[in-house]
Amino acid sequence: WMANYTLDPHAPCDPEPYLVVPSSGANKLAVYDLTTLLPLPTTPFDTCSNPSRVMMDSNTDVYASCREGSLGGRVRKNTRDGVFLWETQLTACTGARGIAMSGNGRLFGVCSSGTRAIFELNPATGAIVQSLPLANNWYPYGVTPSSDALYVAYLSSGVTRIDLATFTESWT
């Protein structure tokens, strides 16, 4: 679970009290209210095939990257109550295994099976904005943003840095 917050260091921290939990075998997502420790009444809700990475944005919308099966290689967005908003098939991807949002609201998905690439998506529509094939052919396993870069971790070893200003790999 990851929430996207750009915090003012002088303001009190007041994050939304929700936790997103995937059930890969059942292809469902549940959203728990951490103040009551109970799932929201509308969850769990159906999502795409084998959700492997999930996150919630500052509006409490839920994003999932989906690994495999007939609906693998997709990124899906729902409200925290399970209302479907959009789903995008990453180009030539059979297994998406990473999703992240930068502090300024840019959304990224990582394809680990098929085309090994990182995709920038429009968070409002899911449209692919741009993509970048990763230089090595290792198995990308997750992605984490910083203020100026994305870091793609590989299953066996290694990390690649994607410069957000130029959307290029700056080292591997």
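In case you missed it, the structure is sitting above this.
Cut-offs applied
- Residues numbered from 1 in each chain as written.
- Predicted model: local features only at pLDDT ≥ 70, side-chain atom pairs only at ≥ 80, totals over all residues.
- Heavy atoms only, no water.
- Disulfide = S-S within 2.5 Å.
- Helix = DSSP H or I, 4+ residues; strand = E, 2+ residues; numbered from the N terminus.
- Buried < 20%, exposed > 50% of the residue type's maximum accessible area, 1.4 Å probe, protein only.
- Phe/Tyr/Trp six-rings, centres within 6.5 Å; stacked < 30°, edge-to-face > 60°.
- Lys NZ or Arg CZ within 6 Å of the ring centre and 35° of its normal.

Undergrad: Even after reading the chapter, I still don't get the state of the cysteines, so can you show me in this structure?
TA: By definition, a disulfide is the covalent link that joins the sulfur atoms of two cysteine residues. Tallying each qualifying case throughout the model produces two disulfides. Here cysteine 48 connects covalently by a disulfide to cysteine 66, the sulfurs 1.6 Å from one another. One end of the pair, cysteine 48, is in the loop between β4 (45–46) and β5 (51–56); the other, cysteine 66, is in strand β6 (residues 62–66), and 18 residues separate them in sequence. In this pair, the class of cysteine 48 matches that of cysteine 66, namely buried. Covalent S-S linkage joins cysteine 93 and cysteine 111, the inter-sulfur distance amounting to 2.2 Å. Taking the sign of the torsion about the S-S bond as the criterion, the disulfide between cysteine 93 and cysteine 111, at about 105°, is right-handed.

Undergrad: Is there a simple way to explain the packing of aromatic side chains in this structure?
TA: Each aromatic ring pair is specified by the distance between its two centres and by the angle formed by the two planes. Applying the stated criterion across every chain, the model contains three aromatic pairs. Note on phenylalanine 108 and phenylalanine 167: the rings are 6.1 Å apart at their centroids and 20° apart in plane angle, and the pair reads as stacked. Taken together, the residues span a long stretch of sequence, with phenylalanine 108 in strand β10 (residues 107–114) and phenylalanine 167 in the loop between β15 (159–163) and β16 (168–171) at a distance of 59 residues. By relative accessible area, which is 5% here, phenylalanine 167 ends up buried. Between tyrosine 139 and tyrosine 141, the ring centres sit 6.3 Å apart and the planes meet at 40°, which makes this aromatic pair tilted. Given the relative accessible area of 22%, tyrosine 139 is considered partly exposed. Here the guanidinium or amino end of arginine 53 rests over the ring plane of tyrosine 141, the centre of that ring lying 4.5 Å away.

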